[in-house]
Amino acid sequence: MPPFYVVGNWKSHKRVTEAVSWFKEFESLWQKNPFNIQKLIVIICPAYIHLATFASLIQLSRIPIQLGLQDVSAYPSGAYTGEVSAEMVNGLVKFTLIGHSERRKFFKEEETELIEKVKQARQAQLEPIYCVQSEDMTIPQECKIVAYEPVWAIGTGHPDTSDNADQVASRLRQKHPRVTTVIYGGSVTPENVASYTQKAHIGGVLPGGASLEAHTFYRLLLNAART
Ligand code: PGA
């Protein structure tokens with residue numbers, strides 16, 4: 001069985017002090033009761049302001065979590081005021097979400113821009129986690145990891161059923177043979193995560209709200225690793 005991805009998306013939350021407290025709490029939970037690291041690939045996607053601090057905390061504590069971005073610039077390094085290029089975070093993160101439904105909705109991101117983002121990510125050796133909100137959406141060729149996140153399930157407490165998510169994942173894999181992993185996002189919690197880990201075509205989950213408290217996220221990881 002390949003390891004199961006758990007990708008925590010913090011969105012636009014947490015001051016620096018809150019992020020450090022999260023890490024300290026997570027660290028103490030991990031030290032008391034480590035989850036099975038063979039079974040999980042754990043990725044946290046915090047805001048840019050937390051990346052450098054988190055990278056050093058992870059290095060010092062040797063906790064098996066990796067860092068990802070919530071989004072990446074469609075532009076290279078250069079005169080692009082306000083942007084953070086993929087190259088700038090090289091060495092700090094290994095993954096980046098691209099095309100999250102909130103980016104598409106609030107920032108009007110569309111396919112041409114998303115394709116540029118994927119190119120920039122790849123050039124900087126970041127692995128894109130390409131988000132689609134339905135199975136008929138286009139997926140750029142370079143993407144191997146895809147997140148299926150139906151909009152109506154995000155932040156609503158009404159997740160898609162694991163049966164349906166599994167069928168969507170299976171069809172996505174058939175339609176896009178280069179995609180190796182499909183993860184599911186939308187109201188994933190410690191209580192329901194086990195229903196997704198048991199499915200043949202679901203390779204991970206993308207919790208938002210359930211990643212914001214260290215103890216909730218930790219419980220989610222324990223439940224995911226147990227099944
Ligand atoms: P949620 O977010 O877990 O809070 O529903 C999921 C997502 O952003 O894909």
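Residues numbered from 1 in each chain as written. Predicted model: local features only at pLDDT ≥ 70, side-chain atom pairs only at ≥ 80, totals over all residues. Heavy atoms only, no water.

1. What about the packing of aromatic side chains?
- The final tally for this structure, using the stated rule, is 14 aromatic pairs.
- Both rings, one in W22 and one in F54, keep their centres 6.0 Å apart while their planes meet at 40 degrees; by these two values the pair is tilted. Taken as a pair, W22 in helix α1 (residues 16-32) and F54 in helix α2 (residues 51-61) lie far apart in primary sequence, 32 residues in all.
- Between the aromatic rings of F35 and Y218, the centroid separation amounts to 5.8 Å while the plane-to-plane angle is 55 degrees, which identifies the pairing as tilted. Of this pair, F35 sits in the loop between α1 and β2 (40-45) while Y218 sits in helix α7 (residues 214-226), and the two are 183 residues apart along the sequence. (Phe/Tyr/Trp six-rings, centres within 6.5 Å; stacked < 30°, edge-to-face > 60°. Helix = DSSP H or I, 4+ residues; strand = E, 2+ residues; numbered from the N terminus.)

2. Let's talk about the packing of α1 against α7
- Here α1 crosses α7 at 40 degrees, and the two axes come no closer than 9 Å. Judged on the interaxial angle alone, α7 and α1 are oblique. Note on packing geometry: the crossing formed by α1 with α7 is right-handed. Residues W22, E25, F26, L29 and W30 of α1 form the contact with α7, whose own contacting residues are A214, H215, F217, Y218 and L221.
- Within the contact of α1 with α7, the residues separate by chemical class into eight nonpolar, one polar and one charged. (Axes fitted to C-alpha atoms, helices over the stretch in contact; angles between N-to-C directions. Parallel < 35°, antiparallel > 145°, perpendicular 65-115°, else oblique. Left-handed = near helix turned anticlockwise from the far one by under 90°. Contact = heavy atoms within 4.5 Å. Nonpolar A, V, L, I, M, F, W, Y, C, P; charged D, E, K, R; others polar.)

3. Here's the deal with a negative patch on the surface
- A cluster of acidic residues, E83, E110, E111 and E113, forms a negative patch at the surface.
- By the element assignment, E83 lies in the loop between β3 (65-69) and β4 (95-98).
- Relative accessible area serves as the criterion here: at 38%, E83 is assigned to the partly exposed category. (Patch = residues over 30% accessible without salt bridge, like charges linked within 9 Å, V, L, I, M, F, W, Y side chains within 5 Å. Areas by Shrake-Rupley, 256 points an atom, 1.4 Å probe, with all protein chains shown as cover. Salt bridge = Lys/Arg side-chain N within 4 Å of Asp/Glu carboxyl O. Lys, Arg positive; Asp, Glu negative; His and termini not counted. Charge placed at Lys NZ, Arg CZ, Asp CG, Glu CD. Buried < 20%, exposed > 50% of the residue type's maximum accessible area, 1.4 Å probe, protein only.)

4. Examining the state of the cysteines
- Scanning the entire structure with this criterion turns up zero disulfides.
- Unpaired in this structure, C45 has its nearest cysteine sulfur neighbour in C131, at a distance of 9.0 Å. (Disulfide = S-S within 2.5 Å.)

5. As for the pattern of salt bridges
- Scanning all chains against the criterion turns up 11 salt bridges.
- For the salt bridge of R103 with E109, the shortest nitrogen-to-oxygen distance reads 3.0 Å.
- You can call E109 buried: its relative accessible area is 4%.
- The partner of R171 in a salt bridge is E135, and the shortest N-O contact between them spans 2.6 Å. Separated by 36 residues along the polypeptide, R171 in helix α5 (residues 162-175) and E135 in the loop between β5 (127-132) and β6 (145-148) bring together distant segments of the chain.
- A residue is classified by how much of its surface remains accessible, and R171, at 35% relative accessible area, is partly exposed.
- For E135, a relative accessible area of 27% puts it in the partly exposed group.

6. Concerning the pairing of β2
- Of all the six residues making up β2, six are buried; the element is thus mostly covered by neighbouring parts of the structure.
- Where burial is concerned, the two faces of β2 agree: the one with L40, V42 and I44 and the one with I41, I43 and C45 are both buried.
- Here strand β1 (residues 4-9) pairs with β2 via six bridges, running parallel. Residue F4 lies in a different strand from β2, and its bridge partner there is L40.
- What joins β1 to β2 is α1, and the crossover it makes is right-handed.
- Here β2 pairs with β3 via three bridges, running parallel. If you follow I44 over to β3, its bridge partner there is L67.
- In this fold, β2 hands off to α2, which returns the chain to β3; that crossover is right-handed. (Pairing = 2+ DSSP bridges. Right-handed = clockwise from strand over helix to strand, strands pointing away.)

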